[in-house]
Amino acid sequence: MKVGIIGATGAVGQEMVKILAERSFPVDELRLLASSRSAGKVVSTPFGDITVQETTSDSFEGLDIVLGAADNDTAKRFAPDIVKAGAVFVDNSSAFRMDSEVPLIVPEINAKDASWHKGIIANPNCSTIITLVAINAINKLSKIETLYASTYQATSGAGAAGPLEMYEQSRQILEGRKDEIEPKVFQHQIAYNLIPQIGGFDEVGYSSEEMKLQNEGRKIMHLPDLKVSCTCVRVPVERSHAISAIVITEDKLDLDDVRKAIAEAPGAKLYDDPAASVYPMPLVTSDQDIVFVGRIREDLANEKGINLWCCGDQVRKGAATNAVQIAELLIK
Ligand code: A2P
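**Regarding the domain arrangement of the chain**
As a measure of interface size, the accessible area lost when the parts come together is often cited.
Argument step 1. On domain assignment, one finds that the chain holds domain 1 (2-124 + 319-331) and domain 2 (128-314).
Argument step 2. Here domain 1 and domain 2 have C-alpha centroids that lie 25 Å from each other.
Argument step 3. The interface is formed by 20 residues belonging to domain 1 together with 18 residues belonging to domain 2.
Argument step 4. Summed over both partners, the interface of domain 1 with domain 2 comes to about 1,600 Å²; 60% of that surface belongs to carbon and sulfur atoms.
Argument step 5. For domain 1, the biggest contributors to the area lost against domain 2 are M98, E108 and I109; these three give 32% of the whole.
Argument step 6. For the pair domain 1 and domain 2, the number of links is three salt bridges.
Argument step 7. Note that K18 is salt-bridged to D287, the shortest N-O span being 3.8 Å.
Argument step 8. Among the residues forming the side of domain 1 that touches domain 2, the class breakdown is eight nonpolar, five polar and seven charged.

**Digging into the pairing of strand β9 (residues 144-153)**
Argument step 1. Examined bridge by bridge, β9 and strand β11 (residues 241-249) share eight bridges and lie antiparallel to one another. Each residue of the ladder has a partner; that of L147, found in β11, is V247.
Argument step 2. Sheet topology note: the β9/strand β10 (residues 227-234) ladder contains eight bridges and is parallel. Pairing of T146 across the sheet is with K227, part of β10.

**Here we look at the packing of helix α4 (residues 126-141) against helix α7 (residues 255-264)**
Argument step 1. In contact at an axis separation of 8 Å, α4 and α7 are set at 125° when each is read in the N-to-C sense. It follows from the interaxial angle that α4 and α7 lie oblique. Seen along the crossing, α4 lies across α7 with a hand that is right-handed. Counting all contacts with α4, which are made through A134, A137, I138 and L141, the residues of α7 involved are D257, V258, A261 and I262.

**Points about the side chain of N136**
Argument step 1. Looking at where N136 falls in the secondary structure, it is placed in helix α4.
Argument step 2. Ignoring sequence-local partners within four residues, the contact set of N136 consists of E108, I109 and M221.

**Describing α7**
Argument step 1. What α7 keeps buried is the set L255, V258, A261 and I262. Buried residues of α7, seen end-on, are gathered within an arc of 125° and therefore sit on one face of the element. Residues of α7 that are exposed and point over 90 degrees away from its buried face: D256, K260 and E264.
Argument step 2. You can read the cap of α7 off the contacts: a side-chain oxygen lies 3.1 Å from the backbone nitrogen of D256, and it is on D254.

**What about the environment of V291?**
Argument step 1. Relative to the assigned elements, V291 resides in strand β13 (residues 291-298).
Argument step 2. Overall, the relative accessible area of 0% leaves V291 in the buried class.
Argument step 3. For the pair V291 and Y192, spaced 99 residues apart in the sequence, the C-alpha separation amounts to 26 Å.
Argument step 4. Once you skip the residues sitting within four places of it in the chain, V291 turns out to touch I130, V133, A134, G267, A268, K269, C310, C311 and K317.

**Focus on the sheet that holds strand β14 (residues 305-312)**
Argument step 1. Read from one edge to the other, the open sheet built from six strands follows the order β10-β9-β11-β14-β13-β12, with strand pairing classed as mixed. Two strands bound the open sheet, and with one partner strand each, they are β10 and β12 (268-270). Going from strand to strand, the sheet's axes swing by 20° on average, the running direction of each strand aside.
Argument step 2. Looking at chain direction, β11 and β14 are connected through eight bridges and run antiparallel. If you follow A245 over to β14, its bridge partner there is L308.
Argument step 3. Most of the contacts of α4 go to β11, to which it runs at about 35°, and overall it touches β9, β11, β12, β13 and β14.

**Considerations on the pattern of salt bridges**
Note that side chains of opposite charge can pair when their charged atoms are close.
Argument step 1. Tallied over the entire structure, the rule returns 21 salt bridges.
Argument step 2. Across the pair D289 and R316 runs a salt bridge, and its minimum N-O distance is 2.9 Å. Separated by 27 residues along the polypeptide, D289 in the loop between α8 (282-285) and β13 and R316 in helix α9 (residues 316-331) bring together distant segments of the chain.
Argument step 3. Take D289: its relative accessible area is 21%, and that puts it in the partly exposed class.
Argument step 4. Ionic contacts of the salt-bridge type, sharing partners, join the residues E15, K18, E22, R239, D287, D289, D313 and R316 into one network.

Rules of the game
- Residues numbered from 1 in each chain as written.
- Predicted model: local features only at pLDDT ≥ 70, side-chain atom pairs only at ≥ 80, totals over all residues.
- Heavy atoms only, no water.
- Domains from an automatic or database assignment.
- Contact = heavy atoms within 4.5 Å.
- Buried area = accessible area lost by both parts, 1.4 Å probe.
- Salt bridge = Lys/Arg side-chain N within 4 Å of Asp/Glu carboxyl O.
- Nonpolar A, V, L, I, M, F, W, Y, C, P; charged D, E, K, R; others polar.
- Pairing = 2+ DSSP bridges.
- Helix = DSSP H or I, 4+ residues; strand = E, 2+ residues; numbered from the N terminus.
- Axes fitted to C-alpha atoms, helices over the stretch in contact; angles between N-to-C directions.
- Parallel < 35°, antiparallel > 145°, perpendicular 65-115°, else oblique.
- Left-handed = near helix turned anticlockwise from the far one by under 90°.
- Buried < 20%, exposed > 50% of the residue type's maximum accessible area, 1.4 Å probe, protein only.
- Arc of directions from axis to C-beta.
- Polar contact = N/O pair within 3.5 Å; in protein donor to acceptor, adjacent residues only side chain to side chain.

In structure tokens:
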């Protein structure tokens, strides 16, 4: 397969290169595309040294698959050229996720939706992927009607510049240079802080990131009536998002059945022994593709509620790995 990556120099793009090699994706040619800022830069990859090219309308000739790891505007701008060149665009931006002509896929949940693509397949939001991999098994036991969630999202979710800003601010504070802090990537200082804003707010007070869990969750799980109430928080963690979720199902579920279903769910790992202080944490789940699920317990406020905590590497399963898994569906 001839594969292109737009945004190949970014946090997700670099991970895509790594994961294509790790998963032995049959790559005959790898084209690394980015902005003009990176053109000419030589990148050492498992597929050899590759020179980064500026992305233009002519960049996609001869490619079979293009993985998108850039922003919405870049995705929208080049999607028509990619489709015209006959390649399939697996895009990680949110530009096409809610387009009714575009499948939105978490392979462990709705791989079959790949069959109706028309040249573009969207990769879901990172927190959405991690949460849905954790709760999909519950939905199979009994339909999920409502999901209450709070996310704890790592700085690398904002791109490669996110963790750099966190560490730089941390250094400035430790060196007594707090006055020099100038937030650029985040709205406020992220070191030693929490920021309850990811994206812009709508007229009723929810952020764009918060609404993705509901809108994308409905499409992926084929649950058009799913209600989600979510708060998304940026936390001073380098990598791996965590989510506190309360799932309300149609029927009351037995906790043992829930644990067994999650233990057997593809892509998920039951990691739940609170008495031994065993539960998912970012430092446990980073640099791998499995979503860890723990702190599973009955909700105290609703007898049909299950309360859980899940955590997963958002650069990998929440973005790059999920995109490569979608590409694998295309060659099956
Ligand atoms: P570049 O490194 O040349 O700026 P991140 O999410 O880590 O910030 O990375 C964003 C990625 O998207 C980078 O690879 C960046 O390339 C790429 N990118 C940004 N703007 C464009 C553009 N106009 N055309 C193609 N790629 C772009």
